[in-house]
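Chains, contacts and geometry: an overview
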Amino acid sequence: GVDEPDEVRWIYSTSGTVSAAKCVRHSDATLVLGGIAQGQTIGANETDVLSIPFPITHIGGPTLLVMTLVLGIPSVIVERFDIKLQRRRSHWIGR
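What you see is a predicted model, and the numbers here were worked out from it, not measured in a lab. (Residues numbered from 1 in each chain as written. Predicted model: local features only at pLDDT ≥ 70, side-chain atom pairs only at ≥ 80, totals over all residues. Heavy atoms only, no water.)

**Description of the environment of S27**
What counts here: In this text, helices come from DSSP runs of H or I with a minimum length of four residues, and strands from runs of E with a minimum of two, each type numbered from the N-terminal end. The rule is simple: take the accessible area with a 1.4 Å probe, protein chains only, and divide by the maximum for that residue type; under 20% is buried, over 50% is exposed, in between is partly exposed. In this description, contact between two residues means that some pair of their heavy atoms is separated by no more than 4.5 Å.
Within the secondary structure, S27 sits in strand 2 (residues 23–27). Judged by relative accessible area, which is 4%, S27 ranks as buried. Not counting residues within four places of it along the chain, the set of residues in contact with S27 comprises P5, D6, E7, V8, R9 and W10.

**Brief notes about the environment of G34**
Tracing the backbone shows G34 in helix 1 (residues 28–42). Between the C-alpha atom of G34 and that of M67, which follows or precedes it by 33 residues, the distance is 8.0 Å.

**Some remarks on the environment of V8**
With respect to the element layout, V8 can be found in strand 1 (residues 8–13). Along the backbone, V8 and R25 are 17 residues apart, and their C-alpha atoms lie at a distance of 6.1 Å. Setting aside its immediate chain neighbours within four residues, V8 contacts R25, H26 and S27.

Next up, the structure:
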């Protein structure tokens, strides 16, 4: 239940880049800790606005979502990822 943050609730597949692909079990607690650690690593804070281009089925999706929620960071959640559109937006922001 909700009172069991260490219970496995999420299963993500690895890509198999360095070894055989496998499934990794996560709990709500590991996702929350991962999001906090990611925020600390990149120095994110409430003055930032972050884009979340990952789907919820990729570990990056919930990690970034948790990071924004826990740290109070505004976020932009994209409906779909379009590399051409992202490049144009990056160019606009970089000016």
